[in-house]
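Geometric and topological summary
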Amino acid sequence: AAMVGGSCHAARGPGCPPWRPPSWCSNAATAQRRRLTRLAPLCGPWCRLRTLEGMPPPPRRGFSAGPAGRCAAREQEEVRAAQDAHFWQLQEDFQQQDAARGGSPRPGWAKLQLEERELFGGTASVGIDFSRYDSVEVERSGKAALRMPLCQSFDSIFSTFTLPRWLHENVSRCGYQWPTPVQKSAVPAALVGRDIMVCAQTGSGKTCAFLLPLLASCTSGPGRGSQAGNRILKGPACPVGLVLSPTRELCAQIHLEARRLSFGARVRALVIHGGVTAWHQIRELARGADVLTATPGRLQDLHGRGLISLGRCEFCVLDEADRMLDLGFEPAVRRLILHSDMPPSETRQTMMFSATFAQEVQLMAQDFLYEYVWIAVGRVGGANESVTQRLLKVLNSEKPDRLLDQLGRDVDTDESLGTGALVAPTIVFCGTKRTCMWLSQHLRAKGYAADDIHGEREQWEREKTLQDFRAGRIQCMVASDVAARGLDVPRVARVINYDLPGRVDDYVHRIGRTGRAGHRGVAVAFFVAEPEEGRDAGGGRLDRHDLALAPPLLELLRSAKQEVPGWLEAAAAEQAGRAAARPARAASQDARRRRRERSQAPEGC
């Protein structure tokens with residue numbers, strides 16, 4: 001760690017970057033910095049050292065081409081080198097300790113009791129609509145897909161397949177009484193070794209559906225697991241199962257579920273993601289990992305530095321797969337799965353899960369799968385019928401007042417509450433980070449317990465907001481789309497779309513934060529049909545409208561058997577007429593689309 005305080009910092013003086021105060025180059029400050037640098041592996045990243053000395057942190061994203069940018073880049077490289085050296089030194093120390101004790105350390109009885117209370121103390125119950133899941137239609141297709149067994153209960157799963165006893169006990173500890181339709185179909189298909197692509201509605205138990213077969217297979221052979229027997233780990237961490245997720249909060253949630261289902265087993269589950277210091281994650285990786293949950297960016301960084309190897313990865317899961325293969329995630333996912341030391345798809349089992357799967361994403365996903373089984377629970381991309389959807393036609397300038405009016409209404413009856421009544425737990429989704437920050441302050445000024453979560457906040461702030469919302473310390477969580485996918489927050493009674501997203505798939509994921517596991521929920525959306533001029537109090541533009549979303553939103557409401565307002569039908573018809581009047585677009589140059597068109601062409605063409 002002493003490399004952090006190398007010549008790059010000591011040689012500074014006249015050439016200090018503008019954001020660094022002159023006291024940084026004084027002898028007293030240099031001595032204090034070097035003393036703190038020796039504690040870097042224990043106390044956190046370099047930016048925290050700067051905070052301890054009362055200095056502003058370095059730029060968070062990217063580096064400029066000037067002297068300040070070059071110095072910041074050099075600082076980062078020195079920190080990375082110090083972290084790598086720390087990993088190998090830790091592993092050497094662990095090897096000596098394990099050799100002396102005859103194996104890796106094992107938790108005692110008291111620690112296991114404490115961990116059990118921590119993991120299973122607040123498990124949520126199912127809702128009154130849980131039995132409605134049995135009536136949901138399930139589609140299975142692919143090679144020998146219909147010959148896959150369907151297990152109607154968890155006892156049937158554990159009797160049909162030879163699974164460890166601890167896994168059965170942990171399923172009971174979690175309070176899982178009956179499997180959901182996605183679990184009845186996906187778990188057996190995965191346990192027989194098939195690749196699967198699963199599309200199921202939000203809150204239907206997809207996390208358990210991929211963790212059960214993954215954990216069972218991680219310990220299926222003798223001596224499997226980094227903590228099995230008296231094994232002494234050497235070299236980089238080599239996970240057997242890998243779960244990739246698009247957001248940090250979803251990673252933490254999946255990791256918590258993996259810890260619950262692997263409690264008491266010789267399976268080591270770890271999580272790595274950005275936004276937090278890598279020192280603590282590196283220390284945990286030095287002990288090895290069997291099941292690793294990660295975001296693509298941090299995994300790609302540590303894999304490129306040789307601290308993680310994917311050569312033993314037998315199971316790869318892409319949660320929220322359509323998001324992982326969309327926008328900026330696809331290159332990193334391709335490098336990790338197709339162009340690294342990970343085994344090829346023929347010898348690796350791959351599972352993809354999401355509530356929405358566009359046709360283009362399904363074609364793209366075929367590059368990662370081998371003779372996969374397609375499982376669709378309900379309508380692909382459809383909304384959860386346990387969520388009551390209400391659309392309100394508003395102007396952009398009316399949104400703040402209409403939001404206050406909705407928060408003052410009863411969730412079930414939609415009637416006004418009395419003064420001082422407790423607001424039901426509500427998530428308010430906004431389109432921009434600026435709107436999130438302003439709206440959170442606006443709600444607090446009006447007397448509501450509210451906080452915001454978005455990409456501009458530090459990770460500890462985002463985690464604290466989620467903890468406060470789960471614990472009931474705040475009633476309103478104002479969020480951007482970082483909280484739209486996968487997050488399972490119990491007892492969310494209402495979701496309000498302050499700003500509608502640009503795609504109907506994102507709308508489905510947003511409203512899926514309520515009405516989970518058989519519970520009922522309400523989703524309110526502000527639909528803007530008429531643009532205005534100027535900007536609102538939060539700095540947002542008033543000329544935005546949601547007319548392009550009218551046709552798919554109308555179809556979604558009808559498929560979910562929801563009430564459709566007449567003005568939405570008129571807006572959808574008007575928008576469809578405009579689309580028909582536009583000139584036809586040129587043929588797509590996308591190779592995937594050309595491949596699909598050729599495959600759909602009649603024989604002989």
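Residues numbered from 1 in each chain as written. Predicted model: local features only at pLDDT ≥ 70, side-chain atom pairs only at ≥ 80, totals over all residues. Heavy atoms only, no water.

Looking only at helices and strands, the protein chain has 23 helices and 14 strands in total. Here the protein chain, with 605 residues, has 52% of them falling under the buried criterion. For the protein chain, the share of sequence-separated contacts (at least 6 apart) that also reach a separation of at least 24 residues comes to 74%. Put simply, the protein chain shows about 27700 Å² of open surface, and 51% of that area lies on carbon and sulfur atoms. (Helix = DSSP H or I, 4+ residues; strand = E, 2+ residues; numbered from the N terminus. Buried < 20%, exposed > 50% of the residue type's maximum accessible area, 1.4 Å probe, protein only. Contact = heavy atoms within 4.5 Å. Areas by Shrake-Rupley, 256 points an atom, 1.4 Å probe, with all protein chains shown as cover.)

What follows deals with the pairing of strand β8 (residues 373–377). Where burial is concerned, most of β8 is hidden: five out of the five residues are buried. Covered by surrounding structure in β8 are Val-373, Ile-375 and Val-377 together with Trp-374 and Ala-376, the residues of both alternating faces. Here four bridges tie strand β1 (residues 138–141) to β8, and the two strands are oriented antiparallel to one another. In the strand pairing of β8, Val-138 is matched with Val-377. In terms of strand pairing, strand β2 (residues 196–199) meets β8 through four bridges, oriented parallel. In the strand pairing of β8, Cys-199 is matched with Ala-376. (Pairing = 2+ DSSP bridges.)

Take the UniProt feature "domain: DEAD-box RNA helicase Q" (unreviewed entry) in the protein chain next. Within this structure's numbering, the places UniProt gives as "domain: DEAD-box RNA helicase Q" (unreviewed entry) are residues 156–184. Helix makes up 62% of residues 156–184 and strand makes up 0%, while its end C-alpha atoms are separated by 10 Å. (UniProt positions renumbered as here; feature names shortened; annotations may be inferred.)

In summary, soluble globular proteins display a tendency toward joint burial of nonpolar side chains. Counting 50 residues, the largest nonpolar core has Ala-186, Ile-196, Val-198, Phe-210 and Phe-353 as its most contacted members. Looking at which element gives the most residues to this core, the answer is helix α10 (residues 206–218), with nine residues. Once residues lying within four places of it in the same chain are set aside, the contact partners of Val-198 are Val-182, Ala-186, Met-352, Phe-353, Ser-354, Phe-357 and Ile-375. (Core = buried A, V, L, I, M, F, W, Y, C linked by side-chain atoms within 4.5 Å.)

Backbone geometry at Glu-371 places phi at a positive 45 degrees, although glycine is not the residue there. Inspection of the secondary structure puts Glu-371 in the loop between α16 (359–365) and β8. A positive phi angle, near 65 degrees, is found at Asp-414, a position not held by glycine. You can see Asp-414 is positioned in the loop between α17 (399–407) and β10 (426–429).

Our next topic: helix α21 (residues 550–559). Regarding α21, the residues found buried are Ala-550, Leu-553, Leu-554, Leu-556 and Leu-557. Each buried residue of α21 sits inside an arc of 165 degrees when the element is viewed along its axis, so together they form one side. Among the structural elements, β9 (387–394), α20 (504–511), β14 (521–528) and α22 (566–581) are those in contact with the buried residues of α21. Downstream of α21 by one or two residues, Lys-561 has phi in the positive range, about 60 degrees. (Arc of directions from axis to C-beta.)

A few words on the packing of aromatic side chains. Per the counting criterion, the structure on display carries seven aromatic pairs. Geometrically, the ring pair formed by Phe-120 and Phe-263 is edge-to-face, given 5.7 Å between the ring centres and 80 degrees between the ring planes. With Phe-120 in helix α6 (residues 109–120) and Phe-263 in the loop between α11 (248–261) and β4 (269–272), this pair connects stretches of sequence that are 143 residues apart. Pair check on accessibility: Phe-120 and Phe-263 agree, each one buried. Pairing Phe-154 with Tyr-176 gives two aromatic rings, centres 6.4 Å apart and planes at 25 degrees, and the pair type is stacked. With Phe-154 in helix α7 (residues 154–160) and Tyr-176 in the loop between α8 (165–173) and α9 (181–191), this residue pair connects regions lying 22 residues apart in the sequence. Taking NZ or CZ as reference, Arg-287 lies 4.2 Å from the ring centre of Phe-94, over its face. (Phe/Tyr/Trp six-rings, centres within 6.5 Å; stacked < 30°, edge-to-face > 60°. Lys NZ or Arg CZ within 6 Å of the ring centre and 35° of its normal.)

What follows covers the packing of α20 against α21. Between two packed helices, what matters for the description is the angle formed by their axes and the separation of those axes. Running from N to C, α20 and α21 point in directions that differ by 45 degrees, and their axes come no closer than 10 Å. Here α21 runs oblique to α20, going by the angle between their axes. Crossing handedness for the pair α20 and α21: right-handed. Residues Val-504, Tyr-507 and Val-508 of α20 touch α21, and the partners they reach there are Pro-552, Leu-553 and Leu-556. Considering only residue class, the contact of α20 with α21 consists of six nonpolar, no polar and no charged. (Axes fitted to C-alpha atoms, helices over the stretch in contact; angles between N-to-C directions. Parallel < 35°, antiparallel > 145°, perpendicular 65-115°, else oblique. Left-handed = near helix turned anticlockwise from the far one by under 90°. Nonpolar A, V, L, I, M, F, W, Y, C, P; charged D, E, K, R; others polar.)

As for its position among the elements, Cys-313 is in the loop between α13 (296–304) and β6 (315–319). Spatially, the C-alpha atoms of Cys-313 and Pro-239 are 5.8 Å apart, while their sequence positions differ by 74 residues. For Cys-313, the contacting residues outside a window of four places in its chain are Pro-239, Val-240, Leu-242, Met-342, Pro-343 and Arg-348.

Here the focus is the sheet that holds strand β3 (residues 241–244). Sheet architecture is open: eight strands sit in the order β1-β8-β2-β7-β6-β3-β5-β4, paired in mixed fashion. Of all the strands in the sheet, just β1 and β4 have a single pairing partner and so form its edges. Recorded for the sheet is a direction-independent mean angle of 15 degrees between the axes of neighbouring strands. With four bridges connecting them, β3 and β6 associate as parallel partners.

Attention shifts here to the confidence of the model for the protein chain. For the protein chain, mean pLDDT is 82; residues scoring 70 or higher make up 80% of the total. Between residues 1–61, whose pLDDT stays under 50, and residues either more than four places distant or in other chains, the model counts 84 contacts. (pLDDT = per-residue confidence, 0-100.)

Once that is clear, we can look at the side chain of Gln-406. Note that Gln-406 resides in helix α17. The residues touching Gln-406, leaving out its near neighbours within four places in the chain, are Leu-392, Asp-414, Arg-494, Ile-496, Val-524 and Phe-526.

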